[in-house]
Amino acid sequence: MGTLPIRSAGMESALKLRRNAMNHMVTALAVIATAVVLVPLVAILGYLLYKGFSSLNLAFFTKMPVPVGETGGGMANAIIGSGVILALASVLGIPVGIGAGVYLAEYGRGRWLATAIQFTADVLNGVPSIVMGIAAYSLIVARQHHFSGLAGGVALAIMMVPTITRTTEEMLTTVPQMVREAALGLGIPKWRTVVSVSLRTAMPGIITGCMLAFARVAGETAPLLFTALGNQFFNLNLNQPMAALPLQIFTYAVSPYDEWHRLAWGGALVLIVMIMVSVTLVRVVTGRGALKGGQH
Amino acid sequence: MNEPKLIPMPQTVVTAPKMDAVPSGDAQPAQTRLAAPSVIRQFLNQKSSGRVPDGLFGGLMLICALSIFVIVLLIVFVLVRDSRLSLHAFGFKFFTGTVWDPVSGDFGALPFIYGTVVSSLLAVAMSVPLALLVAIFVLEICPQFLRGPISFLTELLAAIPSVVYGLWGVFVLVPIIRDQVGPVLEKYLGWTGFFAEPNFGVSIFTASVILAIMIFPVISSISRDVMKVVPPSQREAALALGATRWEMIRISVLRNSRIGIVGSVILGLGRALGETMAVTMVIGNHPDMMKNLFAPGYTLASVIANEFTEATGDLYLSALIEIGLALFLVTIVVNAIARLLVWAVTRGNAARAH
């Protein structure tokens, strides 16, 4: 401790100056970085709104695609197809996801099996969506020898499961232990406690998780490329190739026709409005602190 | 709410201890048999014990949880099964071969590996400084009222689908890179050989810019979570020693959370490696290995996206599936490492790190 170098007053103030300058520089850099990052967001959203609104009209929602060269037409088939595929994915994915989350939070807490499942779910979450597409192709399309909306729904369902599992688990762990103990103490069987007490208390959060998973897969294109394939015609049969909004946007965006580009922008706007609404809704629901009510 | 009041007080007091035994099943059978069964006890005995539905429900939940394992195993199984043709035909040479010629049936994946690795690393290099600065800004510098809106905006950035990024990339970013950014980079950095003519706008560089925007929210939000775990006492200690705000951030925040930050960066890398649509739309899709970043490239994910439906012949399809298998295994490993690092920090022992 006695070996501290003795500094002159000048050195001291120079050092202080340098430290302060460094501090201000980093602060400025952080502010600039934040501004720089917000630019593409604003640019994307602004351009999307501008391009999207100028190409949206009633026909977009009600008409079928028209052949190249003709103007007009819409994406009714893609919007409906997306709805059907997403409904199928939700029906398959949400129960499994919630069930797995319940196991992790209510039954397996602290066991190695639960940790292993958590870890697998996290890793599965990071698997590229195109790989899910290949898996669904190999499992369903290759076996049936034709593309189908069903295969697309299964691919999306697989993608929903890990997200829902982890949020359900997270939300259930915020339910206070006393609430469960109170229910069990009244002689209510465990399954009933889980369903009517734990799940019920955590419901807003779990719905949030489901909507986030839904929003995430709603815009997925890659897993649908060789499962649902896309379809220029109206189709409600899950056993046939089915149109989907993201697929249609992709097809139109990479095409050389201006009319199709216009439709692609319109489709992107519809897609993004749908996703933004659900994400914002989620934020409102969770922001209200519905879960903190359990404590009093 | 009113029902409990109807039961006479003494009765509830007497039966209360026995009711404890109900959930745990037959834990104390002797005790219950000795005491004369009360009214409530009789009532409860008449009802089913709940053990059968309990077991069924628990089993059902366990099946749901195990299905996650099953999904992963199933994916591995079908990928290996359907790529065995190409696995047998090419072996390890598949990953070192530079020729991708579906017509003559010669498949080598090196150009795609090159494109994937270069575009992802470039994206990470562009994204990490910005993401960390924004995380620091939101957590340590920005006034309280700005915190919510900024994190909301980054969340929105994460919610935009890949295909919309691609659409924006094709019509906005590609012309900008071709006409504005390209010439400037060529003029000042052209001597390195990384930025050279011809520049058509669709290139590895454009793909990495899009990827950088797409992985920014991942890195930023996770590193923010990791930095948040650093105990306030660490910050206070640094400040009490006379550190400036930056020194405090460097000494106590960044140093304590560095493992988790590395984890978040690797997580972002994993996302970039597997990103398909946006990259496919702007990278140019040409299997070349050029030093020039303005040259078109191809990635593992985009070759699958582009050629899968038109793959004629079993070997072609099987080669594409093998690329998918490689992508799957690489992202699994990358994600597993990243998750372990992030877990190491956020699971409680942040204060122990030094």
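**What to know about the overall build of chain B**
Part 1 of the reasoning: Counting secondary structure elements, chain B contains 16 helices and two strands.
Part 2 of the reasoning: Counting the 354 residues in chain B, one finds 50% classified as buried.
Part 3 of the reasoning: Summarising the internal contacts of chain B: among those between residues at least 6 apart in sequence, 73% fall at separations of at least 24.
Part 4 of the reasoning: When the accessible surface of chain B is summed, it comes to about 16,800 Å², and 68% of that surface belongs to carbon and sulfur atoms.

**Structural notes on the overall build of chain A**
Part 1 of the reasoning: Counting its secondary structure elements, chain A contains eleven helices and zero strands.
Part 2 of the reasoning: When its helices and strands are written in sequence order, chain A yields α-α-α-α-α-α-α-α-α-α-α.
Part 3 of the reasoning: The burial tally for chain A puts 51% of its 296 residues in the buried class.
Part 4 of the reasoning: Counting only contacts in chain A whose residues sit at least 6 apart along the sequence, the fraction spanning at least 24 positions is 74%.
Part 5 of the reasoning: Put simply, chain A shows about 13,300 Å² of open surface, and 69% of that area lies on carbon and sulfur atoms.

**Focus: the interface of chain B and chain A**
Part 1 of the reasoning: The partner chain A presents 87 residues to the 78 residues of chain B that form the contact.
Part 2 of the reasoning: Roughly 7,300 Å² is buried in total at the junction of chain B and chain A, and carbon and sulfur atoms are behind 81% of that figure.
Part 3 of the reasoning: The interface formed by chain B and chain A holds one salt bridge in total.
Part 4 of the reasoning: Arg19 of chain A is paired through a salt bridge with Glu247 of chain B; the nearest N and O atoms lie 2.7 Å apart.
Part 5 of the reasoning: Where chain B meets chain A, there are seven residue pairs in polar contact (both at pLDDT 80 or more).
Part 6 of the reasoning: For the side of chain B that touches chain A, the leading source of residues is helix H5 (residues 51–82) of chain B, giving 20 residues.

**Quick look at the packing of aromatic side chains**
Part 1 of the reasoning: Overall, the coordinates contain 25 aromatic pairs over all chains when judged by the stated rule.
Part 2 of the reasoning: When the centroid spacing of 6.4 Å and the interplanar angle of 85° are considered together, the rings of Tyr137 of chain A and Phe226 of chain A count as edge-to-face. Of the two residues, Tyr137 of chain A is situated in helix H5 (residues 129–144) and Phe226 of chain A in the loop between helix H9 (203–218) and helix H10 (245–253); the sequence distance between them amounts to 89 residues.
Part 3 of the reasoning: With a relative accessible area of 0%, Phe226 of chain A lands in the buried category.
Part 4 of the reasoning: Clustering of aromatic rings is evident, with ring pairs tying together Phe90, Phe92, Phe94, Phe95, Trp100, Phe107, Phe112, Tyr298 and Tyr316 of chain B.

**Remarks on the environment of Gly81 of chain A**
Residues and elements named next belong to chain A.
Part 1 of the reasoning: Along the chain, Gly81 turns up in helix H3 (residues 76–107).
Part 2 of the reasoning: Under the relative-accessibility criterion, Gly81 is labelled buried at 1%.
Part 3 of the reasoning: Through-space distance from the C-alpha of Gly81 to that of Asn237 is 9.6 Å; in sequence the pair is 156 residues apart.

**As for the confidence of the model for chain B**
The predicted coordinates of low-pLDDT regions are not to be read in fine detail.
Residues and elements named next belong to chain B.
Part 1 of the reasoning: Averaged over all residues, the pLDDT of chain B is 83; the fraction at 70 or higher stands at 85%.
Part 2 of the reasoning: Residue range residues 1–28 is modelled with pLDDT below 50. Its contacts to residues more than four positions away, or to other chains, number 17 contacts.
Part 3 of the reasoning: A low-confidence stretch, residues 349–354 stays under pLDDT 50, and its non-local contacts, those more than four residues away or across chains, total nine contacts.

**Remarks on the pattern of salt bridges**
Residues and elements named next belong to chain A.
Part 1 of the reasoning: Using the criterion set out here, one finds eight salt bridges over all chains in the structure.
Part 2 of the reasoning: Across the salt bridge formed by Glu169 and Arg166, the nearest N and O atoms sit 2.6 Å from each other. Of this pair, Glu169 and Arg166 both sit in helix H6 (residues 149–173), three residues apart, roughly one helical turn.
Part 3 of the reasoning: Through salt bridges with shared partners, a single ionic network connects Asp122, Arg166 and Glu169.

**Quick notes on the side chain of Thr227 of chain A**
All names here are of chain A.
Part 1 of the reasoning: Here Thr227 is to be found in the loop between H9 and H10.
Part 2 of the reasoning: For Thr227, a relative accessible area of 0% gives the class buried.
Part 3 of the reasoning: Here the side chain of Thr227 touches Pro223 through a polar contact of 2.6 Å, landing on its backbone oxygen.
Part 4 of the reasoning: Every residue in contact with Thr227, bar those within four places of it in the chain, is listed here: Gly133, Ala136, Tyr137, Val141, Phe147, Ser148, Ala151 and Gly152.

**Quick notes on unusual backbone geometry**
Part 1 of the reasoning: Here His145 of chain A, not a glycine, exhibits a phi torsion of approximately 65°, which is positive.
Part 2 of the reasoning: Looking at the element boundaries, His145 of chain A is found in the loop between H5 and H6.
Part 3 of the reasoning: Take His145 of chain A: its relative accessible area is 70%, and that puts it in the exposed class.
Part 4 of the reasoning: Located in the positive-phi region is Asn285 of chain B, a residue other than glycine, with phi close to 55°.
Part 5 of the reasoning: With respect to the element layout, Asn285 of chain B can be found in the loop between helix H14 (277–282) and helix H15 (300–307).
Part 6 of the reasoning: Taking relative accessible area as the criterion, Asn285 of chain B reaches 23% and is therefore assigned partly exposed.

**Digging into the side chain of Thr280 of chain B**
Residue and element names in this part refer to chain B.
Part 1 of the reasoning: Mapping Thr280 onto the fold places it in helix H14.
Part 2 of the reasoning: A relative accessible area of 5% means that Thr280 is categorised as buried.
Part 3 of the reasoning: Sequence-distant contacts of Thr280, that is, excluding residues within four places in its chain, are made with Asn285, Ser302, Ala305 and Asn306.

**Structural notes on H6 of chain A**
Residue and element names in this part refer to chain A.
Part 1 of the reasoning: Spanning 25 residues, H6 covers 36 Å between terminal C-alpha atoms, matching the ideal 36 Å at 1.5 Å per step.
Part 2 of the reasoning: Of all the bends found along H6, the most pronounced is centred on Met160 and spans about 25°, while Pro162, a proline, follows it within four residues.
Part 3 of the reasoning: With respect to burial, H6 is a largely interior element, 21 of its 25 residues being buried.

**Quick word on the nonpolar core**
Part 1 of the reasoning: Ranked by size, the top nonpolar core spans 179 residues in total, and within it Ile130 of chain A together with Ile75, Trp100, Phe308 and Ile323 of chain B carry the most contacts.
Part 2 of the reasoning: Lining this core are residues from two domains, each supplying at least three of them: domain 2 (52–82) and domain 3 (90–352) of chain B.
Part 3 of the reasoning: Apart from the residues within four sequence positions on either side, Phe308 of chain B is in contact with Ile134, Tyr137 and Phe226 of chain A together with Val303, Leu317, Leu320 and Ile321 of chain B.
Part 4 of the reasoning: In this structure, Val218, Ile222, Val226 and Val345 of chain B belong to the second largest nonpolar core, which totals seven residues.

**Thoughts on the environment of Leu317 of chain B**
Part 1 of the reasoning: Looking at the secondary structure, you find Leu317 of chain B in helix H16 (residues 314–346).
Part 2 of the reasoning: Separated by 235 residues in sequence, Leu317 of chain B and Asp82 of chain B place their C-alpha atoms 8.5 Å apart.
Part 3 of the reasoning: What Leu317 of chain B contacts, discounting residues up to four positions off in sequence, is Tyr137 of chain A together with Phe308 and Ala311 of chain B.

Calculation criteria
Residues numbered from 1 in each chain as written. Chains lettered and ligands numbered in written order. Predicted model: local features only at pLDDT ≥ 70, side-chain atom pairs only at ≥ 80, totals over all residues. Heavy atoms only, no water. Helix = DSSP H or I, 4+ residues; strand = E, 2+ residues; numbered from the N terminus. Buried < 20%, exposed > 50% of the residue type's maximum accessible area, 1.4 Å probe, protein only. Contact = heavy atoms within 4.5 Å. Areas by Shrake-Rupley, 256 points an atom, 1.4 Å probe, with all protein chains shown as cover. Buried area = accessible area lost by both parts, 1.4 Å probe. Salt bridge = Lys/Arg side-chain N within 4 Å of Asp/Glu carboxyl O. Polar contact = N/O pair within 3.5 Å; in protein donor to acceptor, adjacent residues only side chain to side chain. Phe/Tyr/Trp six-rings, centres within 6.5 Å; stacked < 30°, edge-to-face > 60°. pLDDT = per-residue confidence, 0-100. Expected span 1.5 Å × (residues − 1). Bend = angle between axes of the 7 residues up to and from the residue. Core = buried A, V, L, I, M, F, W, Y, C linked by side-chain atoms within 4.5 Å. Domains from an automatic or database assignment.

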